[in-house]
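Here's the letter readout for the chains.
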Amino acid sequence: MTGPSQSELALIRTKVAPPRIGGTPIARSALLNQLDAQRDRKLSLLLGPAGCGKTTLLTQWRKRLCLQGATVAWFNASADDDDVYIAAYIVESFRQAGLAIGAEGFRLFARSGGKAWKLLLTGLINDLDDHQGDVYLVIDDFQYVASFAVLRLIDLWLALAPGCFHLVIASRIRPPLALGRLRAELQLSEFDFEDLRFTLNETRLFADAQGLDRLSPVQIGTLQEITDGWAAGLQLLAFSLRKQKIPGTFLEGQSKLSLSQEEALEEYLQKATVEHLQPEELAFLIRVSACRRFNRELCELLTGNPRAADFLSKFEAENLFLMSIDTTDVEPWYRLHRLFANFLNKRLEKLDEAEITKLHQLASHWFAGKGLYREALRHAKKARDTGLLVELIDRAARRMIAGAEFTQLLQWCASVPRDRLRTRLDACLCAAWVQVSFGRMDEFERMLSDIALHPECGKPEVRTEVDLMKAYRCMRQDDTAAQLNIVEPMMHSPPGSGFQLLLMCYITGIGLVYANRFEAARDVIRWLYRHERPGQHGHPKPLLEMIQGFSHLVQGHIKLAAELLISVVESALSVAALSADATGIIIGYLIEAHYQLNDLESARRLLDQNSELIDAVGAADSVLYSYRVRARIEQLDGDIPAAVRTLLRLEEFGHREGLDRLVAWSLHDQIVIAIRTHEHVSLHELVARLERCADRYRLRRDCVWSEISLASLLARAEVAFAETGDASCVPFIDAADEASAANGRQLLSTRLGFMRAIALLRENNADSLPQAIRLTRVACDLGMKRVLLDFGASARNLMAALGPAQMEARERDYLDGIAALIDAPAAAPVPASVARRAETPDSQVLSSREREVLELLSKALSTKSIARALDLSSGTVKWHLKNIYAKLDALSREDALNKARALKILA
């Protein structure tokens, strides 16, 4: 299942549109000048109670900023926005402002249910960094943003964002952001109610603009005193004063408005508005307040009043807390000020229950007819109309899947009785896809039971979809034999849906690779091209074409695998809807291929650029291959503690996802490190754990689970080779070699063959040299450059004994290259026990890449220059800097450089 672009979500367009500036608001020149004077700050914060003029002021400043050449995006937050929707609205607000913001970071953020926030943030930072000119994001009603994850994201965004980016927040409460740091860095501009209240002169200008230009200076003073400069209070009094024949008398009878007394405010709203509205007008407003936004057509439907357009124009002209929204729609949209909306909602609740239900039902049907399902669902729920709600869930389910509204779909499904939901087949099928994709297997099994009870479950297309779900579940659980049993027979009667056809081929191909039927897996691609239907051809299929490269990689055909996988990644990146997900699945295989080719720089680069992507997509193979390569490179850098931490994260991922294969390979690699660092206690404990894990899978053959016992046999061979170093280890090597051959793992068999030859040579036994010569030819032909190199100095005697006269020139060149690399200086290993010590700046060791970044930082290069020098993205460089600061306990670049020099990390 691929992730969405934010445009595929059921977004409410008016939430990324600022209010339209009418003719009556006065220009608050003094405040606007103060905002302008501090416009280069990272954060501008406006704090104040409801109705104090925050939104109007920011609307005016937005217009001024646009005239000055800045780009201004706008987002109106609300209480029902979850993490994914907040991110979607932020990205969409930039797009509405004309910025080219990539969708991949958001797509993965949504796909992960809001967990992959680093990818979202990196994408935003990089795209904003490429923009010429200042960019402002205004978030109004920020008090509704309460998610810790979103607040953390905003804090990091402000810390890492390019200088062109500025955030503007309007909130009723002080947001729990790192304001102290921003204040200390002079990057915070703050305005509270004391700043936002109207001055006496502004009150006079406001009264004039409201048609109250005949008020005397004394009366203006009285107006100012009653309202204390509160914009909403001025608006209320102005509305009332326009209805009075003797304004002065009316003012004398008013008491001071209190922002903290809701009952007093309610009472004044009653006096200031209801008493001066016609019954027809009040009835109109009460009924339209059922909706958070509305236009003429919807108002006419809800009220049955053909004068809706006249009323809306009148209320807007009278400044009666009705705000028009700046959209490109032909039909103007409006919303009520929250103060007035709350006031009207309380009166709405006093209407007859049947009428309230009818209003929400009408609104629900209307929004659904416009394809605005999020609002349609909300009104159906408020109407307590379960039938309508279930119908809408069913109608919206496929769209919600396409838009990656996974959590939202499950929440809506959980909001209706199970016996009602099971009557809607599409909703159940979509919910089941979400459940299986997110590993919610108990819920998935219950949903399959409900689907089986549906009268249409026997239809061929439904049976096919359910079978694909079951096969997909097996694949996620590493049960490749079961997945093949489901999908391989389907090849004889392929599904008609293009998506189902691609999914069937993908699941089949992966299963065949792990069944060691490599050529059959590659035949799946050829089969697909023969069975494509008209209109389906030409669609890139990177996840399928990847199977060719993957199958060659597993076989040990490294050079061919790398060529194919590079091409597939390029193909994936060319398809916007697939690029992030497909790359996240494929990239681990390519990283492994680069490592085995000894192209360590390419492997490092791909790890640096895609680590967050790999974690976000969470494909088991990609996590496995990339984490193992990262740990190997960290060992080559001499950073054994980092390698151990990486392998522990891999083990944790395996436990969390219930994937013993990942646990087994992590334990195997930890055993190799324990051998290298002579950690004998850890070694035997790790071996015992791996043996216990492998015991459960000893009889598994021709499936991915057979790798678990293979990892155990390999570990036995590695331990015996390290501890004895003579012919006594050969039986262990032979056992592992037999398992490797049975699994078609030519790379492993080649390594084990070299290991056998090295062990026998230690006893002057040359029996394995002919086989070693043959394996050298294989390694040279297939691109296995690390297979000998990873033995280090142990391989020297073998290479010397192989006899150059028996080899071709390319094979001799291959061995000469390996020998040169073995003889090159290497970083001294750090005992693995260091990884278990309490971390302090003195004991922490920067990775090789972090040291490179630090070296360039010491030369006063900018982030962009460092990125160009290392062929990284600016966002990746910033993440490295963040990690460097954390390890050195540094507060700034200069602090990091000073501490690095003190610790001898820098000269």
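Residues numbered from 1 in each chain as written. Predicted model: local features only at pLDDT ≥ 70, side-chain atom pairs only at ≥ 80, totals over all residues. Heavy atoms only, no water.

Quick notes on the packing of helix α21 (residues 406–414) against helix α23 (residues 425–437)
Defined as follows: Every axis corresponds to a line fitted to the C-alpha atoms, with the helix fit spanning only the stretch in contact, and the corresponding angles, defined between N-to-C directions, vary from 0 to 180 degrees. Per the convention used, a helix needs a DSSP run of H or I reaching at least four residues, while a strand needs a run of E reaching at least two, with both numbered from the N terminus. Every angle not falling under 35 degrees, over 145, or within 65 to 115 is termed oblique; those three ranges are roughly parallel, roughly antiparallel and roughly perpendicular. Should the near helix be turned anticlockwise from the far one by less than a right angle, the crossing is left-handed, and should it be turned clockwise, the crossing is right-handed. Residue contacts follow a heavy-atom distance rule, with two residues in contact if any of their heavy atoms lie within 4.5 Å. Residues are grouped as follows: Ala, Val, Leu, Ile, Met, Phe, Trp, Tyr, Cys and Pro are nonpolar; Asp, Glu, Lys and Arg are charged; all remaining types, including Gly, are polar.
At a minimum axis separation of 10 Å, α21 and α23 run at an interaxial angle of 125°. Here α23 runs oblique to α21, going by the angle between their axes. Here α21 runs over α23; the crossing is left-handed. Along the contact surface, α21 presents Phe406, Leu409, Leu410 and Cys413, while α23 presents Cys430, Ala431, Val434 and Gln435. When the residues that make up the contact of α21 with α23 are grouped by side-chain class, the tally is seven nonpolar, one polar and no charged.

Comments concerning empty space enclosed by the protein
The criterion, for reference: A 1.4 Å probe that fits but cannot get out identifies a cavity on a 1 Å grid over protein atoms alone, an open set with protein on both sides within 12 Å along at least five of seven lines counts as a pocket, and a residue lines either if it has an atom within 4 Å of a point. Grid points are joined across faces, edges and corners, and a volume is the space filled by probe spheres set on the points.
Evaluation of the coordinates by the stated rule reveals three cavities of 30 Å³ or more. Taken as a whole, the second largest cavity holds about 80 Å³ of empty space. The wall of the second largest cavity is formed by Asp83, Ile86, Ala87, Ile90, Val91, Phe109, Leu120, Leu124, Val150 and Leu153. Those elements that place two or more of their residues in the lining of the second largest cavity are α3 (83–96), α5 (117–129) and α6 (148–160). At five residues, the largest contribution of residues to the lining of the second largest cavity is made by α3.

Let's talk about helix α40 (residues 769–782)
Stated precisely, the cut-off is as follows: Multiplying 1.5 Å by the residue count of a helix minus one yields the expected span of that helix. With a 1.4 Å probe rolled over the protein chains alone, any residue whose accessible area is under 20% of its type maximum counts as buried; one over 50% counts as exposed, and the rest are partly exposed.
The terminal C-alpha atoms of α40 lie 20 Å apart, and with 14 residues this matches the ideal 20 Å at 1.5 Å per residue to within 8%. Among all positions of α40, only Leu769, Ala772, Ile773, Leu775, Thr776, Val778, Ala779, Cys780 and Leu782 are buried.

So, the sheet that holds strand β6 (residues 294–295)
For clarity, the cut-off: Pairing between strands requires that DSSP locate at least two bridges from one strand to the other.
Pairing is antiparallel across the open sheet formed by three strands, whose spatial order is β6-β8-β7. Edge strands, defined here as strands with exactly one partner in the open sheet, are β6 and β7 (322–325). Note: β7 against strand β8 (residues 333–336), four bridges, orientation antiparallel. Paired with Met323 across the strands is Arg335, a residue of β8. Across the face of the sheet, helix α16 (residues 308–317) comes into contact with β6, β7 and β8 while running at roughly 110° to β7.

Side note on the side chain of Gln555
Counted only if it meets this: The definition of a polar contact used here is a pair of N or O atoms within 3.5 Å, where within protein one atom must be able to donate a hydrogen and the other to accept one, and adjacent residues in sequence count solely through side-chain atom pairs.
The topology assignment puts Gln555 in helix α29 (residues 542–555). Among the polar contacts listed, one links the side chain of Gln555 to the side chain of Arg522, at a separation of 3.1 Å. Contacts of Gln555, omitting those with residues within four sequence positions, involve Phe518, Arg522, Gly744, Arg745, Gln746 and Leu747.

Digging into the pattern of salt bridges
Put simply, the rule reads: What makes a salt bridge here is a side-chain nitrogen of Lys or Arg within 4 Å of a carboxyl oxygen of Asp or Glu, nothing more.
Considering all chains together, one arrives at 56 salt bridges under this definition. Put simply, Glu190 and Arg174 hold a salt bridge, and the shortest N to O gap is 3.1 Å. Pair noted here: Glu190 is in strand β5 (residues 188–191) and Arg174 is in the loop between β4 (165–171) and α7 (179–184), with a separation of 16 residues, a long-range link. On the basis of relative accessibility, which here comes to 32%, the residue Glu190 falls in the partly exposed class. A relative accessible area of 47% places Arg174 in the partly exposed class. With its nearest N and O atoms 3.4 Å apart, the salt bridge here joins Glu391 to Arg395. Here Glu391 pairs with Arg395, and both are found in helix α20 (residues 386–402), just four residues apart, close to one helical turn. The network of salt bridges with common partners includes Glu601, Arg604, Asp608, Asp637, Arg849 and Glu852.

Quick look at the nonpolar core
Our working rule: Nonpolar cores are built from buried Ala, Val, Leu, Ile, Met, Phe, Trp, Tyr and Cys residues. Side-chain atoms within 4.5 Å join them into one set.
Among the nonpolar cores identified, the biggest contains 239 residues, and Ile393, Met546, Leu788 and Leu798 are the most heavily contacted of them. Contacts of Ile393, omitting those with residues within four sequence positions, involve Leu377, Leu409, Trp412, Cys413, Val416, Leu421 and Ala427. Grouped together as the second largest cluster of nonpolar side chains are 51 residues, Phe75, Ile139, Trp157 and Phe165 included.

Side note on the side chain of Arg604
Mapped onto the elements of the fold, Arg604 is located in helix α32 (residues 600–617). With a relative accessible area of 14%, Arg604 lands in the buried category. Within the local environment of Arg604, its side chain forms a polar contact with the side chain of Asp637, the two groups lying 3.0 Å apart. In this structure, Arg604 is in contact with Ile633, Asp637, Ser848 and Arg849, ignoring residues within four places of it in sequence.

Details of the sheet that holds strand β2 (residues 71–76)
Reading across from one edge, β2-β3-β4-β1-β5 is the order of the five strands in this open sheet, with parallel pairing throughout. Because the sheet does not close on itself, it has two edges, and the strands there are β2 and β5. Averaged over neighbouring strand pairs, the angle between their axes works out to 15° when direction is ignored. Note that β2 and strand β3 (residues 135–140) share six bridges and pair parallel. In the sheet register, Trp74 faces β3, and the bridge partner there is Val138. Relative to the sheet, helix α2 (residues 54–67) contacts β1 (43–47), β2, β3 and β4, its axis offset from that of β2 by approximately 155°.

Concerning the packing of aromatic side chains
Using the following cut-off: Each Phe, Tyr or Trp ring (for Trp, its six-membered ring) is paired with any other whose centre lies within 6.5 Å, and the angle between the two planes then decides the class: stacked below 30 degrees, edge-to-face above 60, tilted in between. The rule is short: NZ of Lys or CZ of Arg within 6 Å of the ring centre and within 35 degrees of the ring normal puts a charge over the ring.
Considering all chains together, one arrives at 20 aromatic pairs under this definition. With a centroid separation of 5.1 Å and 80° between ring planes, the pair formed by Trp366 and Phe367 is classed as edge-to-face. When sorted by exposure, Trp366 lands in the same class as Phe367, which is buried. An aromatic cluster is built from Tyr514, Phe550, Tyr589 and Tyr625, whose rings are joined through pairwise contacts. A cation sits over an aromatic face here: Lys15 above Tyr89, 5.0 Å from the ring centre.

So, the pairing of β4
Consecutive side chains along a regular strand alternate between the two faces of the sheet. The condition that has to hold: Handedness is read with the strands pointing away from the viewer; a crossover is right-handed when the path from the first strand over the helix to the second is clockwise.
For β4, a buried count of seven out of seven residues is recorded, marking the element as mostly surrounded by other parts of the structure. Relative to β4, β1 runs parallel, the two sharing five bridges. Looking at the pairing, Ser44 lines up with Val168 of β4. Note: β3 against β4, five bridges, orientation parallel. Looking at the pairing, Val135 lines up with Phe165 of β4. Following the chain from β3 across α6 to the adjacent parallel β4, one finds a crossover that is right-handed.

A few points about the packing of α3 against α5
Packed helices, taken two at a time, are described by their axes: the angle between them and the distance between them. The interhelical angle for the contact between α3 and α5, taken along N-to-C directions, is 10°, at an axis separation of 12 Å. Considered as vectors, α3 and α5 are oriented roughly parallel to each other. Once α3 is placed against α5, the crossing between them reads as left-handed. In this structure, α3 uses Ala87, Val91 and Phe94 to contact α5, whose residues at the interface are Leu120, Leu124 and Leu128. Of the residues assigned to the contact of α3 with α5, the class counts are six nonpolar, no polar and no charged.

Details of helix α39 (residues 746–761)
If you check α39, its first and last C-alpha atoms are 22 Å apart, about what 16 residues at 1.5 Å a residue would give, namely 22 Å. Within α39, 13 of the 16 residues are buried, which leaves it mostly tucked inside the rest of the structure.

Examining the confidence of the model for the protein
The condition that has to hold: Every residue carries a pLDDT, the predictor's confidence in it, which falls somewhere between 0 and 100.
Here the protein averages 85 in pLDDT, while 89% of its residues score no lower than 70. Low pLDDT (under 50) marks residues 1–9, which in the prediction has 42 contacts with non-local residues, meaning those over four places away or in another chain. Note on residues 826–844: pLDDT under 50 across the span, and 36 contacts to partners over four residues away in sequence or across chains.

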